[in-house]
Amino acid sequence: MKVVISGCGRVGGFLAGLLDSEGHEVTIVDLDKGAFMHLPDGFGGTTHLGNGVDLDVLRQVGVDRADAFLALTQGDNRNLMAAQIAKEIFRVQRVVAKVNDPIRAQIYRDKGIITFSRTTILGLLVHAMLMDETEIGEKLLGRMLEVERGLAGRDAKPRRVPAEARR
Amino acid sequence: MYVLVAGGGEVGFHLAKALIEAAHEVVVIESDRRRAQWIEEQLGSVVLNAPADEGRYQIEAGCQRADAVLAVTGDDAKNLVICQLARHNCPGGRVIARVNDPKNEIVFKALGIDETVSSTRVLMNVLEQELPTSGFLPLMPLTGSHLEIIEAEISPGTPAVGRSVRSLKLPEGSLVGGIVRSGKVVPAVGEAVLEVGDRVIVFAPTVAEADVRKVLAG
């Protein structure tokens, strides 16, 4: 699957690494070069420095040929605009936008954009953990622990950084 | 008229001031507390200190009875969301967006926001009309459509010289409305042949402006 991600923060960087490790073709866009540090070592996808709501930038990174577009920047509005461009102009099949304002998330979900709000997801998850509602939390928490153990394990090993990567 | 001005920057402030002077009822929504306070000192209690891109504040500002919502922040993505939320929360009124990057005019139209104003584009149009040598003048956009009126002077050596109106390969959806020849209007029938010095008036989709230029001005 060809996936384009806008926004290389913690979530974007993590997800790009996860999809890349599963063998998907990942391109990640961010305005800030420093943001690419959120990508895991050995990331095999493409990074592109540019504005993820800019029509020309999105065309350049091949959104028109992408199977999925994920808008994960810190700005709700930027994510909503980029997601709508991907869906309505480039006709991308699967479009997901991170929208932290739950009300806005709901309105745009009705317009056919898959939105998720960190606010409600995290809030409900923590609530489930607190109330021992294992049904909601168990699966997600299990997967989370599995992935995080992998990340920590990789970090704990003393790594030899290749000379060309140290520049 | 009751007008909601979303964003109290330079554009929003002066717009609100002008509307108030013209006896319209105005509410400015501005998220920055100090800026909101300053506007209130200048214009009176017409400010709601809140983010304009959250629906509940649009409703609190009374957008249901607004005749128009103007999204004029300096952030195109924010203006888009303000307009779309206004459409959702307050159907009925007009919704107009300021766009900073001119190519977002096309984006906004594709996403359902038809009325946009781009200062870059306005300035370019003024400049193009000022330049006598250019010969290609986008005269004005037609409101409520994606069309504009273009005037093109046929210069020597350009591809349109000696061609009939019918044989011009104008982009789809455009039409030659008339030809001005030696100060007189000549009907733009299919057989009319263009001569050097003719001024051709064309109705064309805004997005096809570059193609019209290619056909008439080379």
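In this text, all values refer to a predicted model and were calculated from it rather than measured experimentally.

Novice: Mind showing me how you'd approach the overall build of chain A here?
Specialist: The secondary structure content of chain A amounts to 7 helices and 6 strands. Of the regular secondary structure in chain A, the N- to C-terminal order runs β-α-β-β-α-β-α-β-α-β-α-α-α. Seen through its principal axes, chain A has C-alpha atoms that stretch 50 × 45 × 25 Å. Looking at the 167 residues of chain A, the share that counts as buried comes to 43%. A separation threshold of at least 6 residues defines the contact pool for chain A, and within that pool the share at least 24 residues apart is 46%. Approximately 9900 Å² of chain A is accessible, and the part contributed by carbon and sulfur atoms is 54%. The averaged location of the 22 negative side-chain charges in chain A is 4 Å from the averaged location of its 23 positive side-chain charges.

Novice: Looking at this model, I keep getting lost on the sheet that holds strand 8 (residues 147-153) of chain B. Mind explaining?
Specialist: Paired through their backbone hydrogen bonds, the strands of a sheet run either parallel or antiparallel. Residue and element names in this part refer to chain B. Judged by pairing direction, the sheet is antiparallel, and its 5 strands sit side by side in the order 7-8-11-9-10 without closing on themselves. Both outer strands of the open sheet, strand 7 (136-141) and strand 10 (184-186), are each paired with one neighbouring strand and no more. Each strand of the sheet is rotated relative to its neighbour by a mean of 25°, with strand direction disregarded. Strand direction decides the pairing type here: strand 9 (residues 175-181) and strand 11 (residues 199-205), joined by 5 bridges, are antiparallel. Residue pairing across strands places Val176 opposite Val202, the latter belonging to strand 11. The strands that helix 7 (residues 209-217) touches are strand 7, strand 8 and strand 11; relative to strand 7, the one it contacts most, it runs at about 145°.

Novice: Sorry if this is basic, but what is going on with the sheet that holds strand 3 (residues 46-49) of chain A here?
Specialist: All names here are of chain A. Taken in spatial order, the 6 strands line up as 3-2-1-4-5-6 in an open sheet, and their pairing is parallel. Across the chains shown, the open sheet's two edge strands, defined by having one partner strand only, are strand 3 and strand 6 (114-116). Pairwise comparison of adjacent strand axes, ignoring direction, gives a mean angle of 15° for this sheet. Across 4 bridges, strand 2 (residues 25-30) lies against strand 3 in parallel orientation. Counted as the bridge partner of Ile28 is Thr47 from strand 3. This element, helix 3 (residues 76-89), spans strand 4 (68-71), strand 5 (94-98) and strand 6 of the sheet and lies at about 175° to strand 5.

Novice: Is there a simple way to explain the interface of chain A and chain B in this structure?
Specialist: Many structure descriptions define interface size as the accessible area lost when the parts assemble. Each side of the interface is counted separately: chain A has 16 residues, and chain B has 17 residues. Contact between chain A and chain B buries roughly 1400 Å² in total, counting both sides, with carbon and sulfur atoms accounting for 67%. It is Asn77(A), Met81(A) and Ile107(A) in chain A that bury the most area against chain B; as a group they hold 36% of the surface buried on that side. Taken together, chain A and chain B are joined by 3 salt bridges. For Lys103(B), the salt bridge is made with Asp54(A), and the minimal N-O distance between the two is 3.2 Å. Summed over the shared surface of chain A and chain B, the result is 5 residue pairs in polar contact (both at pLDDT 80 or more).

Novice: When you look at the domain arrangement of chain B in this model, what are you seeing that I'm missing?
Specialist: Here the domain parsing of chain B yields domain 1 (2-117) and domain 2 (131-217). Taking the mean C-alpha position of each, domain 1 of chain B and domain 2 of chain B sit 36 Å from one another.

Novice: How do you make sense of helix 7 of chain B when you look at a structure like this?
Specialist: An α-helical segment advances 3.6 residues per turn. Residues three or four places apart therefore align on the same side. Residue and element names in this part refer to chain B. Within the span of helix 7, buried status applies to Glu209, Val212, Val215 and Leu216. Mapping the buried residues of helix 7 onto a view down its axis gives an arc of 125°, with all of them on the same face. Phi for Gly218, located one or two positions after helix 7, is positive at around 80°.

Novice: Can you help me understand unusual backbone geometry in this one?
Specialist: Trans peptide bonds make up most of the peptide bonds, and negative phi angles are found at most residues other than glycine. In the Ramachandran plot, Arg91(A) falls in the positive-phi region, its phi being about 55° despite a non-glycine side chain. Structurally, Arg91(A) is set in the loop between helix 3 and strand 5. Given the relative accessible area of 59%, Arg91(A) is considered exposed. The phi angle at Ser182(B) is positive, at roughly 45°, despite the residue not being glycine. Structurally, Ser182(B) is set in the loop between strand 9 and strand 10.

Novice: I tried to follow the state of the cysteines on my own but got confused; where do I start?
Specialist: One way to say it: the disulfide is the covalent bond shared by the sulfur atoms of two cysteines. Inspection of every chain in the model, using the stated rule, returns 1 disulfide over all chains. As a non-bridged cysteine, Cys83(B) has Cys90(B) as the owner of its nearest cysteine sulfur, 11 Å distant.

Novice: Looking at this model, I keep getting lost on the side chain of Asp101(A). Mind explaining?
Specialist: By secondary structure assignment, the location of Asp101(A) is in the loop between strand 5 and helix 4 (102-110). Given the relative accessible area of 12%, Asp101(A) is considered buried. A polar atom in the side chain of Asp101(A) sits 3.1 Å from the backbone nitrogen of Ile103(A). If we ignore the near neighbours within four places in the chain, the residues touching Asp101(A) are Asp76(A) and Glu54(B).

Novice: Honestly, the pattern of salt bridges in this entry has me stumped. Any pointers?
Specialist: Once their charged atoms are close, side chains differing in charge can pair, the charge on each being opposite to the other. Taken as a whole, this structure holds 21 salt bridges over all chains when the rule is applied. Lys103(B) serves as the salt-bridge partner of Asp56(A), at 3.6 Å between the closest nitrogen and oxygen. Of this pair, Asp56(A) sits in helix 2 (residues 55-60) while Lys103(B) sits in the loop between strand 5 (94-99) and helix 5 (104-110), on two different chains. Assessed through its relative accessible area of 22%, Lys103(B) is described here as partly exposed. In this structure, Asp101(A) and Arg104(A) form a salt bridge, with 3.0 Å as the shortest nitrogen-oxygen distance. In the salt-bridge network here, residues are joined through shared partners; they are Asp54(A), Asp56(A), Arg59(A), Asp101(B) and Lys103(B).

Novice: Just checking my understanding: could you explain a nonpolar patch on the surface for this structure?
Specialist: Together, Val117(B), Val122(B) and Val126(B) make up an exposed nonpolar region whose accessible area comes to about 230 Å². Locating Val122(B) in the fold gives a position in helix 6 (residues 119-130).

How each quantity is defined
- Residues numbered from 1 in each chain as written.
- Chains lettered and ligands numbered in written order.
- Predicted model: local features only at pLDDT ≥ 70, side-chain atom pairs only at ≥ 80, totals over all residues.
- Heavy atoms only, no water.
- Helix = DSSP H or I, 4+ residues; strand = E, 2+ residues; numbered from the N terminus.
- Buried < 20%, exposed > 50% of the residue type's maximum accessible area, 1.4 Å probe, protein only.
- Contact = heavy atoms within 4.5 Å.
- Areas by Shrake-Rupley, 256 points an atom, 1.4 Å probe, with all protein chains shown as cover.
- Lys, Arg positive; Asp, Glu negative; His and termini not counted.
- Charge placed at Lys NZ, Arg CZ, Asp CG, Glu CD.
- Pairing = 2+ DSSP bridges.
- Axes fitted to C-alpha atoms, helices over the stretch in contact; angles between N-to-C directions.
- Buried area = accessible area lost by both parts, 1.4 Å probe.
- Salt bridge = Lys/Arg side-chain N within 4 Å of Asp/Glu carboxyl O.
- Polar contact = N/O pair within 3.5 Å; in protein donor to acceptor, adjacent residues only side chain to side chain.
- Domains from an automatic or database assignment.
- Arc of directions from axis to C-beta.
- Disulfide = S-S within 2.5 Å.
- Patch = residues over 30% accessible without salt bridge, like charges linked within 9 Å, V, L, I, M, F, W, Y side chains within 5 Å.

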